[in-house]
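Residues per chain are reported as follows:
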Amino acid sequence: MAASEENSALFPIFVLTIMALPLVPYTLVKILNAFSKNTMTIHCQCSVCSRSGKYGKSIFKRISNFSTCRNLTLVLLWIIMVMLIYYIKHTTHEIKVFEPFSILGLEPGASDSDIKKAYRRLSIQYHPDKNPDPEAHNYFVEYISKAYQALTDSVSRENFEKYGHPDGRQGLQMGIALPPFLLNIDGASGGILLLGIVGVCILLPLVLTVIYLSRSAKYTGNYVMHQTLSAYYYLMKPSLAPSKVLDVFIKAAEFMEIPVRQSDREPLLKLFMLVRSELNLDLKNIRQEQAKFWKQHPAFVKAELLIQAQLTRECAALPPALLCDFRRMLELSPRLLEELMKMALIPHAAQGHGWLRPAIGVVELSQNIIQAVPLSARKSVGGSSEGFAPFLQLPHFNEAMVKKIARKKMRTFQDFRNLTLEDQVELLTKVAGLSTGETKDVEMVLEMMPSLTMDVTCETEGEEGIQEGDIVTMHAWITLKRGSGLVASLPHAPYFPFHKEENFWLLVADSVSNDVWISQKVSFMDEAVAITAASKAIQELKEGSGASLKETNAAVREAVEKVRSGSRLVMCKFQAPAEANYNLTAFCLCDSWIGCDKKTNLKMKIMKQSRAGTRTGPLSEEGAVMEGEIGEEKEEEDGYDDYESEYSEDEEDGQDSKRNGALANGAVDNKGNGSSSESSDKE
């Protein structure tokens, strides 16, 4: 009976231990992450973002942010743990030390006569002949008799003094941590123990393995379905126009799993009338185009209309059920767009190059979804290749205000950013008609927008120039500056209801051939990771070139200072192609802001490989590899330094391949870029 009670007391302790091992560390990590996120305000604090409630601190917002399935499960597990602790504390008895004087009710050092009197008195009360209760009999044998022997018998007293018990050394007792109702089954303890071992050691890991494998067979490491990747890879084409990327994006299997209800028909019809101008329908055959649109798979129709609702900011009138699907699609969009970007950059050609045109289209679509700007706003207007889309991401701006500003010869967004603070305030208040508070909101967002600079070099280790077949190492330092002084920041995106970090894509591509030679994702959010990566890369480079330890440490310290000041290092290696002069373009594209991208022209001279291993021709006066370095190919300060959007060039796809390739991949630069490229080509 005692063993059964002891085993029953072990079961809640066992359960408590199993729960506490993963729960306590996970909770500590959650708390530390929550505090680290609140240490610095890196999100937009304009009035539009405040009204959106995205970063609000009201009690209702905190409850809604906290009330996720994961957090509620965490709270429930902690409640169960507290209940187990309370149960163990009030039901588990402390282990009693064998004290013979205390058992007989005597003070230590009592005489032999007092010991005999106490023994007789307790015998009358607990002896089996006087008390038939089994518990009384057990207490008499285990405690009273042994206590009397320990104080009167010489051998028992010696055992008690040596080992603390009249019976001598006590063996180790072990119990089974199972509930008592299982152990009370006669003769079933061994079978229950066997079942427990089989269940915990074999069946439970097997079930968890089956669940994991079934999920991993369906999803990738980025929690995107394999079916989605297959569809994206199949539908990705080298000539895919940016305006057509949306048609590929909505083919995700995740969107197919969103239910299409009968009650969604009427709200989707109303939404169709609101966004019809953005669907690229032929107005001459509008009835046939509409019928063709509604003949698509219902899931595709719903997905495209809901994405257009985000782009046109027409989601306020959606019913609750459709609004829930709308938020689900926006939540999935960043990771789906990232995978779509990877499908555009994955090597397709025999040379192992990705495609530039669809990659630019994916970034443009990501920018528009995050900022809730229509794709039609990217059509070239006046001198701006981006149209008026960059202005629409600013708070309180609309198309009419952009037209008013354009009359003041402010044709590009970069021209507007280059104005002094006084000129911007005067333009916003007197021309655009914004109030003082609205002007402050615009200035606040402009201070958060990133300004990028790039320093790109290519070289071969220990050689003066590049021959075909050489392994070329590219070093690219990307520097980010903001008016607010922050490096890591969240974009101004009041119409995107979820947390979104800025990501940048570095692409080195040939705009004419549509080939992407190098692609790398860059983030400015985690400084510690960037320092570690830059230090390791510089150290390996210096050690490979035979530099001394002092030179290596100095180079590493310099790289660390650059990273802390807002720069990121990207190092890639590639094999030099065939002998030729290559006019490449380095793009740094942001997936969250419109009009903040950067590009620069690069000229690479590949020489013919010599048979003897020496260079076959003299080097040019400008240098062996990078004839047009960043400093020589800088764009004009007042020019818009972004690539040209291709949204307005879709109808020209049927022209000759050379012109089509140049336009399709953004090879037509704006102002400074165009003149710089032409001049370098003439040289």
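Cut-offs applied
Residues numbered from 1 in each chain as written. Predicted model: local features only at pLDDT ≥ 70, side-chain atom pairs only at ≥ 80, totals over all residues. Heavy atoms only, no water. Helix = DSSP H or I, 4+ residues; strand = E, 2+ residues; numbered from the N terminus. Buried < 20%, exposed > 50% of the residue type's maximum accessible area, 1.4 Å probe, protein only. Contact = heavy atoms within 4.5 Å. Areas by Shrake-Rupley, 256 points an atom, 1.4 Å probe, with all protein chains shown as cover. Pairing = 2+ DSSP bridges. pLDDT = per-residue confidence, 0-100. Axes fitted to C-alpha atoms, helices over the stretch in contact; angles between N-to-C directions. Phe/Tyr/Trp six-rings, centres within 6.5 Å; stacked < 30°, edge-to-face > 60°. Lys NZ or Arg CZ within 6 Å of the ring centre and 35° of its normal. Core = buried A, V, L, I, M, F, W, Y, C linked by side-chain atoms within 4.5 Å. Salt bridge = Lys/Arg side-chain N within 4 Å of Asp/Glu carboxyl O. UniProt positions renumbered as here; feature names shortened; annotations may be inferred.

A.B. asks: Go over the overall build of the protein, please, and point to the residues and values.
C.D. replies: Along the protein, the regular secondary structure elements total 27 helices and eight strands. Per-residue burial for the protein yields a buried fraction of 44% across its 683 residues. In the protein, the proportion of contacts linking residues at least 24 apart, taken out of those at least 6 apart, comes to 69%. On the protein, roughly 37500 Å² of surface is accessible, and the fraction owed to carbon and sulfur atoms is 56%.

A.B. asks: Lay out the environment of K292 in plain terms, naming residues and giving numbers.
C.D. replies: Position of K292 among the secondary structure elements: in helix α15 (residues 286-294). A residue is classified by how much of its surface remains accessible, and K292, at 60% relative accessible area, is exposed. In the structure, K292 is positioned 11 residues away from L281 in sequence and 9.8 Å away in space, judged by C-alpha atoms.

A.B. asks: Help me get a handle on unusual backbone geometry, residues and values and all.
C.D. replies: Even without a glycine there, the phi angle at Y223 is positive, about 60°. In the Ramachandran plot, H396 falls in the positive-phi region, its phi being about 70° despite a non-glycine side chain. Here H396 shows up in the loop between α19 (389-392) and α20 (399-406).

A.B. asks: Tell me about helix α12 (residues 242-249), residues and numbers included.
C.D. replies: For α12, the tally of buried residues reaches six of eight residues, placing the bulk of the element in the interior. For α12, the full list of buried residues reads P242, S243, V245, L246, V248 and F249. Contacts made by the buried residues of α12 are with α11 (226-235), α13 (253-256), α16 (298-311), α17 (320-345) and α18 (356-371).

A.B. asks: Go over the pairing of strand β5 (residues 515-522) with me, naming the residues and quoting the values.
C.D. replies: As defined by bridge partners, strand β1 (residues 354-355) adjoins β5 across two bridges and the pair is classed as antiparallel. Pairing of W355 across the sheet is with D515, part of β5. The sheet contact formed by strand β4 (residues 504-510) and β5 spans seven bridges and is antiparallel. Note that in β5 the partner of W505 across the bridge is K521.

A.B. asks: Quick one: what's the story with the confidence of the model for the protein, residue by residue and with numbers?
C.D. replies: A residue-level look at the protein finds 78% of positions with pLDDT of 70 or above and a mean pLDDT of 79. Here residues 1-5 is a poorly scored stretch, pLDDT under 50, and it has two contacts once near neighbours within four places are set aside; other chains count. With pLDDT under 50 throughout, residues 611-683 is counted as low confidence; its partners more than four residues away or in other chains account for 164 contacts.

A.B. asks: Could you give me a rundown of the sheet that holds β4, with the residues and numbers involved?
C.D. replies: With antiparallel pairing, five strands are arranged side by side in an open sheet as β1-β5-β4-β7-β8. Among the strands making up the open sheet, the edge pair consists of β1 and β8 (598-606). Relative to β4, α17 is tilted by about 20°, and along the sheet it contacts β1, β4 and β5.

A.B. asks: Now, about the pairing of strand β7 (residues 580-590): what can you tell me, with residues and values included?
C.D. replies: Most of β7 is tucked away: eight of the 11 residues are buried. Where β4 meets β7, six bridges bridge the pair, whose relative direction is antiparallel. Paired with W505 across the bridge in β7 is L589. Inspection of the sheet shows β7 paired to β8 by nine bridges, in the antiparallel sense. Its bridge partner lying in β8, L584 is registered against L602.

A.B. asks: Outline the packing of aromatic side chains, supporting the account with residue identities and numerical values.
C.D. replies: In the structure shown here, the tally under the stated rule is 17 aromatic pairs. Relative to Y139, the ring of Y126 has its centre 5.1 Å away and its plane inclined at 50°; by these criteria the two rings are tilted. With Y126 in helix α6 (residues 112-126) and Y139 in helix α7 (residues 134-152), the pair connects residues that are 13 residues apart, well separated along the chain. Judged by its relative accessible area of 23%, Y126 falls in the partly exposed class. An aromatic cluster is present here, built from F391, F397, F413 and F416 joined pairwise through their rings. The side chain of K237 reaches across the aromatic face of Y234, ending 5.6 Å from its centre. One cation-aromatic arrangement involves R265 over W294; the distance from NZ or CZ to the ring centre is 4.9 Å.

A.B. asks: How would you explain the nonpolar core if you had to name every residue and give the values?
C.D. replies: F249, F255, L305, I369 and L507 are the most contacted members of the largest nonpolar core, which totals 60 residues. Counting residues per element, the ones that place at least two in this core are α11, α12, α14 (265-275), α16, α17, α18, β4 and β7. The element contributing the most residues to this core is α17, with 12 residues. Contact partners of F255, with chain neighbours within four places excluded, come to F249, I250, A299, A303, M329, L332 and L336. One finds M401, M410, M474 and A576 within the second-largest nonpolar core, a separate group that totals 59 residues.

A.B. asks: Go over the side chain of N503 with me, naming the residues and quoting the values.
C.D. replies: Position of N503 relative to the elements: it lies in the loop between β3 (471-481) and β4. The class of N503 is buried, set by a relative accessible area of 15%.

A.B. asks: Mind laying out the sheet that holds strand β2 (residues 451-459), listing which residues take part and the relevant values?
C.D. replies: Read from one edge to the other, the open sheet built from three strands follows the order β2-β3-β6, with strand pairing classed as antiparallel. What marks the edges here is a single partner per strand, and that holds for β2 and β6 (567-575). Neighbour to neighbour, the strand axes of the sheet diverge by 15° on average, direction disregarded. Here β2 runs beside β3; their pairing, made up of nine bridges, is antiparallel. Of the residues in β3, the one forming a bridge with D455 is W477. Each of β3 and β6 is contacted by helix α24 (residues 527-544), which is oriented at about 45° to β6, the strand it contacts most.

A.B. asks: So, the pattern of salt bridges: which residues are in play, and what are the values?
C.D. replies: Applying the stated rule across the entire model yields 16 salt bridges. E257 serves as the salt-bridge partner of K218, at 3.3 Å between the closest nitrogen and oxygen. Of this pair, K218 sits in the loop between α10 (189-216) and α11 while E257 sits in the loop between α13 and α14, placing them 39 residues apart in sequence. Among the residues examined, K218 registers a relative accessible area of 37% and is labelled partly exposed. Residue E257 is classed as partly exposed on the basis of its relative accessible area of 46%. K302 serves as the salt-bridge partner of D325, at 2.6 Å between the closest nitrogen and oxygen. Here K302 lies in helix α16 and D325 lies in helix α17, a separation of 23 residues in the sequence. Assigned by exposure class, D325 and K302 land together as buried. Put simply, R261, D264, K302 and D325 are held in one network by salt bridges that share partners.

A.B. asks: Can you explain the UniProt feature "transmembrane region" (unreviewed entry) in the protein? Please cite residues and give values.
C.D. replies: In this numbering, the UniProt entry assigns the feature "transmembrane region" (unreviewed entry) to residues 12-32, 71-88 and 192-213. Between the C-alpha atoms that bound residues 12-32 there is a distance of 29 Å. The span itself is 100% helix and 0% strand. Measuring from the first to the last C-alpha atom of residues 71-88 gives 26 Å, for a span that is 100% helix and 0% strand.

A.B. asks: Just give me the short version of the side chain of S489, but keep the residues and values in it.
C.D. replies: Tracing the backbone shows S489 in the loop between β3 and β4. Setting aside chain neighbours within four positions, we find S489 in contact with I42, M448, R482, E502 and M525.

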